[in-house]
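What follows is the residue order along each chain.
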Amino acid sequence: MGVVPCMNDLSGKRIAIIGAGLAGIAAARGLVQRGAAVTLLEKSRGFGGRCASKRWEGHVIDHGAQYFTMRDERFREAATAACGDALVRLEKPVRDENGRELPDSGRWIHRDGNSRLARELAKGIEIRSECQIDDARTLLAEFDHVVSTAPWPQTARLFGIEHAFDHIPCLAVALAYHGEWIGRTRETYAFSHPGTALAWTACENHKPGRIAPGFTVLVAHLGEAFSREHLEKPPAEYPALVRSMVEERWEIPAEAFAGAFGHRWRLARVDAPLIAPALPPRLHFVGDALRRSRVEDAWLAGHEFAQNTSFES
Ligand SMILES: Cc1cc2nc3c(=O)[nH]c(=O)nc-3n(C[C@H](O)[C@H](O)[C@H](O)COP(=O)(O)OP(=O)(O)OC[C@H]3O[C@@H](n4cnc5c(N)ncnc54)[C@H](O)[C@@H]3O)c2cc1C
């Protein structure tokens, strides 16, 4: 039997949500619709969490989520209402290690950077940015309920709970080259080789308007074993670890190299859904860990949480 949405009126309830990623934004929007007074608290300046974009050397790079799916009608409707024709479908294929095209149910981006998806979905919600919470329990003096959407290991600390659950790290690297559509980039959006050091590499030039004229930019996400091995190295050292592998895979001449940056995602994703333990009264957790580590799943987790939680205690 499916879950019956719980739509009791939440007027008068003050709810704090920690984290303005996709889960937090969806939860906030749904709870506002039920009448709650919601405040989103985000430690960073921008929104989107792991659905992250960065302006760099005249380019706009997605160094977190590369694209998102819109398989679920509820997410598709919300994203389309918020972003309209700024949603762009990637046309070129993702290939496996044998060069075969992987199935494509629709790989979507926001034209101006994937973090813009979060920003558009968050419009109208009260957000306190650059507001890092160190102990969620202290917020209960100001709010009736506190919802954390920080990745579970961080949430457990914020709630004062001992409960380990492994999150897999991912090192990310962006590499820029002089020249447009060089090597094998024109016909392929990405190569996916899970289980290897170079688990994912993608050419950002397939995202229209993102890359400055005269350049090709590739993003690499390193596999689990490689990421764990090099996790504590400074991100500035990551490009040198992988550059030659990227150039070999994409047949890009080394002398075209123009610049690079690295980024550490310490808590990038989960392997299997988390079954959260019982939580202290008035503290709640929601996030992609409850479903799958995907933008769409994070949004759905937040959306369903907002529909199904009674907040009666
Ligand atoms: C490298 C990488 C590649 C990915 N690629 C894809 C992809 O191609 N397609 C796809 O669909 N998904 C992809 N994902 C997964 C996707 O990005 C995530 O599943 C999704 O964005 C998670 O959303 P969330 O809201 O659950 O968590 P988050 O996005 O992590 O949001 C949590 C928010 O909480 C904030 N926060 C944490 N602690 C505190 C605190 N103490 N006080 C205040 N704020 C706090 C954080 O700053 C963050 O904004 C990728 C993820 C990574 C890391």
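As a reminder, the structure under discussion sits directly above these lines.
Predicted, not measured: the structure shown is a model, and the values here were computed from it. (Residues numbered from 1 in each chain as written. Predicted model: local features only at pLDDT ≥ 70, side-chain atom pairs only at ≥ 80, totals over all residues. Heavy atoms only, no water.)

Enquirer: Describe empty space enclosed by the protein, and please don't skip the residues or the numbers.
Expert: Within this structure, the stated rule accounts for 1 cavity of 30 Å³ or more. Its volume calculated, the largest cavity comes out at about 30 Å³. Residue composition of the lining of the largest cavity, grouped by class: 3 nonpolar, 1 polar and 2 charged. (1 Å grid on protein atoms, 1.4 Å probe; cavity = no way out; pocket = protein on both sides within 12 Å on 5 of 7 lines; lining within 4 Å. Points joined across faces, edges and corners; volume = space filled by probe spheres on them. Nonpolar A, V, L, I, M, F, W, Y, C, P; charged D, E, K, R; others polar.)

Enquirer: Describe in detail helix α7 (residues 295-308), supporting the description with residues and values.
Expert: With 14 residues, α7 extends 20 Å between its outermost C-alpha atoms, agreeing within 8% with the 20 Å of an ideal straight helix rising 1.5 Å per residue. A large share of α7 lies buried, amounting to 11 of its 14 residues. Residues of α7 that are buried include every one of Val295, Glu296, Asp297, Ala298, Trp299, Leu300, Ala301, Gly302, His303, Phe305 and Ala306, and no others. On the buried face of α7, the contacting elements are α1 (22-33), α2 (73-83), α3 (115-121), β9 (145-148) and β15 (283-285). (Helix = DSSP H or I, 4+ residues; strand = E, 2+ residues; numbered from the N terminus. Expected span 1.5 Å × (residues − 1). Buried < 20%, exposed > 50% of the residue type's maximum accessible area, 1.4 Å probe, protein only. Contact = heavy atoms within 4.5 Å.)

Enquirer: Please give an account of the sheet that holds strand β14 (residues 257-269) that cites residues and values.
Expert: With mixed pairing, 6 strands are arranged side by side in an open sheet as β6-β11-β12-β13-β10-β14. This sheet does not close on itself; its edge strands, each paired only once, are β6 (94-95) and β14. Packed onto the sheet, helix α6 (residues 238-250) meets β10 (168-178), β11 (190-192), β12 (200-203), β13 (215-221) and β14 and runs at close to 65° relative to β10. (Pairing = 2+ DSSP bridges. Axes fitted to C-alpha atoms, helices over the stretch in contact; angles between N-to-C directions.)

Enquirer: Any chance you could break down the layout of surface pockets for me, citing the residues and the numbers?
Expert: For the second largest pocket, the calculated volume is near 220 Å³. If you go around the second largest pocket, you meet 13 residues; those closest to its centre are Arg29, Gly30, Gln33, Trp299 and His303. Counting only elements with at least two residues in the lining of the second largest pocket, the list comes to α1 and α7. The greatest single-element share of the lining of the second largest pocket, amounting to 5 residues, is contributed by α1.

Enquirer: Tell me about the pairing of strand β4 (residues 59-62), residues and numbers included.
Expert: The alternating pattern of β4 places His59 and Ile61 and Val60 and Asp62 on opposite faces, both of which are buried. For strand β3 (residues 53-56) and β4, the ladder comprises 4 bridges, and the chain directions are antiparallel. Opposite Trp56, over in β4, you have His59 as the bridge partner. Counting the residues between successive antiparallel strands, the hairpin from β3 to β4 contains 2 residues, one of them, Glu57, with a positive phi of roughly 55°.

Enquirer: Go over the sheet that holds β9 with me, naming the residues and quoting the values.
Expert: Reading across from one edge, β8-β2-β1-β9-β15 is the order of the 5 strands in this open sheet, with parallel pairing throughout. On the outer flanks of this sheet lie β8 (127-128) and β15, each paired with one strand and no other. Bridge count for strand β2 (residues 37-41) against β8 is 2 bridges, and the pairing is parallel. Paired with Leu40 across the strands is Ile127, a residue of β8. Across the sheet, helix α4 (residues 152-159) lies against β1 (14-18), β9 and β15, angled at about 175° from β15, the strand it touches most.

All quantities given are derived from atomic positions and should not be read as evidence of function.
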